[in-house]
Amino acid sequence: EDQVTQSPEALRLQEGESSSLNCSYTVSGLRGLFWYRQDPGKGPEFLFTLYSAGEEKEKERLKATLTKKESFLHITAPKPEDSATYLCAVRGMDSNYQLIWGAGTKLIIKP
Amino acid sequence: NAGVTQTPKFQVLKTGQSMTLQCAQDMNHEYMSWYRQDPGMGLRLIHYSVGAGITDQGEVPNGYNVSRSTTEDFPLRLLSAAPSQTSVYFCASSRQGASNQPQHFGDGTRLSIL
């Protein structure tokens, strides 16, 4: 059964304190791994798509990396505006249309 | 630039009532979908559509109906509301469903069933 587990559930950091969020996945052949950001009261907003182990993508203070079993979202010198819930999702080879989503990591950056 | 628009933003229903959650997109996307988001759980797919006139069931379709008469609109109907359907509902669209095109989400409908 395809599964996505995100950890930690919540993470509190001081402004400027770098850290990483984890997304572990089990899927029968990976077609794509996705990271989204969700602000309170809003829908998820797309950040990155990763396709194969070793791939990395960056956007401002965020960098996503991918291995055969997990993905990390690295946050470098975060600012309070980076506070949000970060969601991970995967698409497996057996699924044309359905994404399997993790429950998310709630990130709080204190000034 | 509206993107995906969901209405209403909030709704309270009594058990047994029916209602329709509206979703419209102005990006000419082929693929549209409905998710529910519950605390401590990932988004779960309810129904999806790969184009006008074509719909299919997702992971948790029971108690919900959909139709897609136009490219732009994808309403979700609750047939007889139950407390277990209390959730936040998100509509999403993308250019192609079976590709890795990013999904664009609306801001959700927060639904409470008493």
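What comes next is a walk through the structure. (Residues numbered from 1 in each chain as written. Chains lettered and ligands numbered in written order. Predicted model: local features only at pLDDT ≥ 70, side-chain atom pairs only at ≥ 80, totals over all residues. Heavy atoms only, no water.)

1. As for the interface of chain A and chain B
Accessible area lost upon the coming together of the parts is a frequently used measure of interface size. Using the following cut-off: Whether two residues touch is decided by their heavy atoms; if any such pair falls within 4.5 Å, the residues are in contact. Here's the idea: put two parts together, see how much 1.4 Å probe accessible area each one loses, and the total over both is what we call buried area. We define a salt bridge as a side-chain nitrogen of Lys or Arg found within 4 Å of a carboxyl oxygen belonging to Asp or Glu. Pairing of N or O atoms within 3.5 Å defines a polar contact, subject to two protein rules: one partner must be a possible hydrogen donor and the other a possible acceptor, and residues neighboring in sequence count only if both atoms are side-chain atoms. As a working rule, the residues Ala, Val, Leu, Ile, Met, Phe, Trp, Tyr, Cys and Pro are called nonpolar, Asp, Glu, Lys and Arg charged, and the rest polar, with Gly in that last group.
Between chain A and chain B, the contact holds 21 residues from the first and 23 residues from the second. Taken together, both faces of the contact between chain A and chain B bury some 1800 Å²; the carbon and sulfur share is 51%. On the chain A side of the contact with chain B, A:Tyr97, A:Gln98 and A:Trp101 bury the most area, a combined 34% of that side's loss. Inspection of the region where chain A meets chain B yields one salt bridge. A salt bridge links A:Lys42 to B:Asp107; its shortest N-O distance comes to 3.5 Å. At the boundary of chain A and chain B, one finds four residue pairs in polar contact (both at pLDDT 80 or more). Per-class residue counts for the side of chain A that touches chain B are 10 nonpolar, eight polar and three charged.

2. Side note on the state of the cysteines
Under the convention used in this document: Cysteine sulfur pairs qualify as disulfides if the two atoms are within 2.5 Å. Every helix listed is a DSSP run of H or I at least four residues long, and every strand listed is a run of E at least two residues long, numbered separately from the N terminus. Exposure categories follow from relative accessible area, calculated using a 1.4 Å probe and restricted to protein chains: below 20% of the type maximum is buried, above 50% is exposed, and the middle band is partly exposed.
In total, this model carries two disulfides over all chains according to the counting rule given. At a sulfur-sulfur separation of 1.9 Å, the disulfide partner of A:Cys23 is A:Cys88. Across the disulfide from A:Cys23 to A:Cys88, rotation about the S-S bond amounts to roughly -65°, and the bridge is consequently left-handed. In this pair, A:Cys23 sits in strand 3 (residues 19-26) while A:Cys88 sits in strand 9 (residues 84-92), placing the two residues 65 residues apart along the sequence. Across this residue pair, the class does not change: A:Cys23 and A:Cys88 are buried. Put simply, B:Cys23 and B:Cys91 are joined by a disulfide, and their sulfur atoms are 1.9 Å apart. Because the sign of the S-S torsion sets the handedness, a value of about -70° for the bond joining B:Cys23 and B:Cys91 places this disulfide among the left-handed ones.

3. Brief notes about the side chain of A:Thr49
Tracing the chain through its elements places A:Thr49 in strand 5 (residues 45-50). Of the residues examined, A:Thr49 reaches a relative accessible area of 4% and is grouped as buried. Excluding residues within four positions of it along the chain, A:Thr49 makes contact with A:Leu33, A:Phe34, A:Glu55, A:Lys57 and B:Asn100.

4. Overview of unusual backbone geometry
Going from A:Ser7 to A:Pro8, the amide bond is cis rather than trans, its omega being -10°. Its place among the elements puts A:Pro8 in the loop between strand 1 (3-7) and strand 2 (10-14). Cis geometry marks the peptide bond from B:Thr7 to B:Pro8; its omega dihedral reads -5°. Relative to the assigned elements, B:Pro8 resides in the loop between strand 1 (4-7) and strand 2 (10-13). Although it is not a glycine, A:Ala77 sits at a positive phi angle of roughly 45°.

5. Things to note about the pairing of strand 11 (residues 109-113) of chain B
Residues and elements named next belong to chain B. Test applied: Here, a strand pair is defined by DSSP locating no fewer than two bridges between the strands.
Alternating residues of strand 11 divide into Thr-109, Leu-111 and Ile-113, all buried, and Arg-110 and Ser-112, none buried. Examined bridge by bridge, strand 2 and strand 11 share four bridges and lie parallel to one another. Bridge pairing in strand 11 links Val-12 to Ser-112. Bridge count between strand 9 (residues 87-94) and strand 11: three bridges; the pairing is antiparallel. Looking at the pairing, Tyr-89 lines up with Thr-109 of strand 11.

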